Amino acid sequence: MAWIEDSEQKVLLVRQAGGLKLWTLPGGKVKRGESLVKALKREVYEETGLRVQIGSLLGVLDRRDKDAITLLFAAVSSKEAVNVKQTQKEIKKAGFQTALPKKASPSAKYFWSARKGPVKKPPKIRASTYQFPETPVIKQLPTPKKR
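No experiment lies behind these values; they were computed from the predicted model shown. (Residues numbered from 1 in each chain as written. Predicted model: local features only at pLDDT ≥ 70, side-chain atom pairs only at ≥ 80, totals over all residues. Heavy atoms only, no water.)

Draft legend 1. A look at the overall build of the protein chain. When its secondary structure is counted, the protein chain shows two helices and seven strands. For the protein chain, the α and β elements follow one another from N to C terminus as β-β-β-α-β-β-β-α-β. Within the protein chain, buried positions represent 39% of all 147 residues. Summarising the internal contacts of the protein chain: among those between residues at least 6 apart in sequence, 60% fall at separations of at least 24. (Helix = DSSP H or I, 4+ residues; strand = E, 2+ residues; numbered from the N terminus. Buried < 20%, exposed > 50% of the residue type's maximum accessible area, 1.4 Å probe, protein only. Contact = heavy atoms within 4.5 Å.)

What follows is the structure, given as structure tokens:
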């Protein structure tokens, strides 16, 4: 999953088109042979139309109930306008939000609370969690210097 903030510190969320139609952070599954960074860039682009740079790992959520591990990475986009493609069947809506909607996925709820302050109450999902120390989300990755 990607944690992407705009200039007003709103967070990018996507709304699923099927199932429970939950709000969540952009992201998805890694294909066999695909790197984590490449997979996250692909998923964010497919869901939002944004090209992003991936920064540091912010948190880990071990979803034993789903036999899955969710990783949260900081990501930066040069644009703040999202464009959900009409051909995208998984995502109905995308946009920057100041608050997490009530109808949010368990992983989005956990990571939202972890990023906005210490988790005071454990999530209601069977999961092992690790919260990294609070670090500011990067606003822009440094440009490599030419030699």
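Read on, since the account is not over.
Draft legend 2. Here's a closer look at the packing of aromatic side chains. One pass over the full model with this rule turns up two aromatic pairs. Relative to W112, the ring of W3 has its centre 5.7 Å away and its plane inclined at 55°; by these criteria the two rings are tilted. Within this pair, whereas W3 is found in strand 1 (residues 2–3), its partner W112 is found in helix 2 (residues 106–116), the two being separated by 109 residues in sequence. Overall, the relative accessible area of 1% leaves W3 in the buried class. Its relative accessible area of 11% is what places W112 among the buried residues. Ring geometry for Y110 against F111: centres 5.5 Å apart, planes inclined by 65°, an arrangement best described as edge-to-face. (Phe/Tyr/Trp six-rings, centres within 6.5 Å; stacked < 30°, edge-to-face > 60°.)

Draft legend 3. A look at the environment of I69. Looking at the secondary structure, you find I69 in strand 5 (residues 68–77). Accessibility expressed as a relative area gives 57% for I69, which makes it exposed. Once you skip the residues sitting within four places of it in the chain, I69 turns out to touch V60, L61 and D62.

Draft legend 4. Main features of the pairing of strand 5. Burial of strand 5 is extensive: seven of the ten residues sit out of reach of the surface. Bridge count for strand 1 against strand 5 is two bridges, and the pairing is parallel. Pairing of W3 across the sheet is with A74, part of strand 5. In this sheet, strand 5 lies alongside strand 4 (residues 52–63) in antiparallel orientation, the contact comprising nine bridges. Looking across to strand 5, one finds that L57 is bridged to F73. Linking strand 4 to strand 5, which pair antiparallel, is a turn of four residues; within it D67 sits at a positive phi near 50°. (Pairing = 2+ DSSP bridges.)

Draft legend 5. Geometry of the nonpolar core. W3, L25, L72 and F111 are the most contacted members of the largest nonpolar core, which has 14 residues in total. Put simply, the parts of the chain that give this core at least two residues each are strand 2 (11–16), strand 4, strand 5 and helix 2. Examining the composition of this core, we find that four residues originate from one element, helix 2, more than from any other. Core analysis: the second largest hydrophobic core is formed by eleven residues, I4, V44, F73 and F96 among them. (Core = buried A, V, L, I, M, F, W, Y, C linked by side-chain atoms within 4.5 Å.)

Read these as spatial facts, not as claims about activity.
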